[in-house]
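These are the residues of each chain, in order.
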Amino acid sequence: TILAPLSHCLKVPGGYIQARFVQEMFLKHVGRDDGQMPLFESSVKPVMLKLPKKDAAIFGEWCAGQYGLAGRVGKWVTDRLECLKLSYELGVAGGSNEEVVVRIRKSMDGLV
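So, how was this worked out
- Residues numbered from 1 in each chain as written.
- Predicted model: local features only at pLDDT ≥ 70, side-chain atom pairs only at ≥ 80, totals over all residues.
- Heavy atoms only, no water.
- pLDDT = per-residue confidence, 0-100.
- Helix = DSSP H or I, 4+ residues; strand = E, 2+ residues; numbered from the N terminus.
- Axes fitted to C-alpha atoms, helices over the stretch in contact; angles between N-to-C directions.
- Parallel < 35°, antiparallel > 145°, perpendicular 65-115°, else oblique.
- Contact = heavy atoms within 4.5 Å.
- Nonpolar A, V, L, I, M, F, W, Y, C, P; charged D, E, K, R; others polar.
- Salt bridge = Lys/Arg side-chain N within 4 Å of Asp/Glu carboxyl O.
- Buried < 20%, exposed > 50% of the residue type's maximum accessible area, 1.4 Å probe, protein only.

**Regarding the confidence of the model for the protein**
Piece 1. On average, the protein scores 81 in pLDDT, and the residues at 70 or more come to 79%.
Piece 2. Per-element confidence in the protein ranges from a low mean pLDDT of 70 for helix 1 (residues 4–9) to a high of 95 for helix 3 (residues 40–50).

Right, dumping it as structure tokens:
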């Protein structure tokens, strides 16, 4: 992506600047019913896969929470569930502390 060289120049691990950009996109649109929230497949997932697994799990959990705050909750349920699913998988694979993994799992159970 365009931000990758910037990460290298700033000596920031890959994915962190992109993650911050996605967070800003969420914050700009959450609560507004404009349909412009970042899509999971095209915006969130690629960033999660660039981050270290532990950080990706926490980032994904945060993003899933933003989908939950969206004005039209039903529209974002699939993205939220996919985000939680990947967060859980990365959290387990990355050895995230048990609290994070359990919290993500409980969020998933509430959707299915």
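**Considerations on the packing of helix 2 (residues 16–29) against helix 4 (residues 53–69)**
Piece 1. Closest axis-to-axis distance for the helix 2/helix 4 pair is 10 Å, and the angle between their directions is 10°. In terms of axis orientation, helix 2 runs roughly parallel to helix 4. Note on element contacts: helix 4 touches helix 2 through Asp-55, Phe-59, Trp-62, Cys-63, Gln-66 and Tyr-67, opposite Tyr-16, Ala-19, Val-22, Gln-23, Phe-26 and Leu-27.
Piece 2. Looking at side-chain class alone, the contact of helix 2 with helix 4 contains nine nonpolar, two polar and one charged residues.

**Quick word on the pattern of salt bridges**
Piece 1. Tallying each qualifying case throughout the model produces two salt bridges.
Piece 2. Two residues, Arg-20 and Glu-24, come together in a salt bridge whose shortest N-O distance is 2.7 Å. Taken together, the residues Arg-20 and Glu-24, both in helix 2 and four residues apart, mark about one turn of the helix.
Piece 3. Glu-24 sits in the partly exposed class, given a relative accessible area of 38%.

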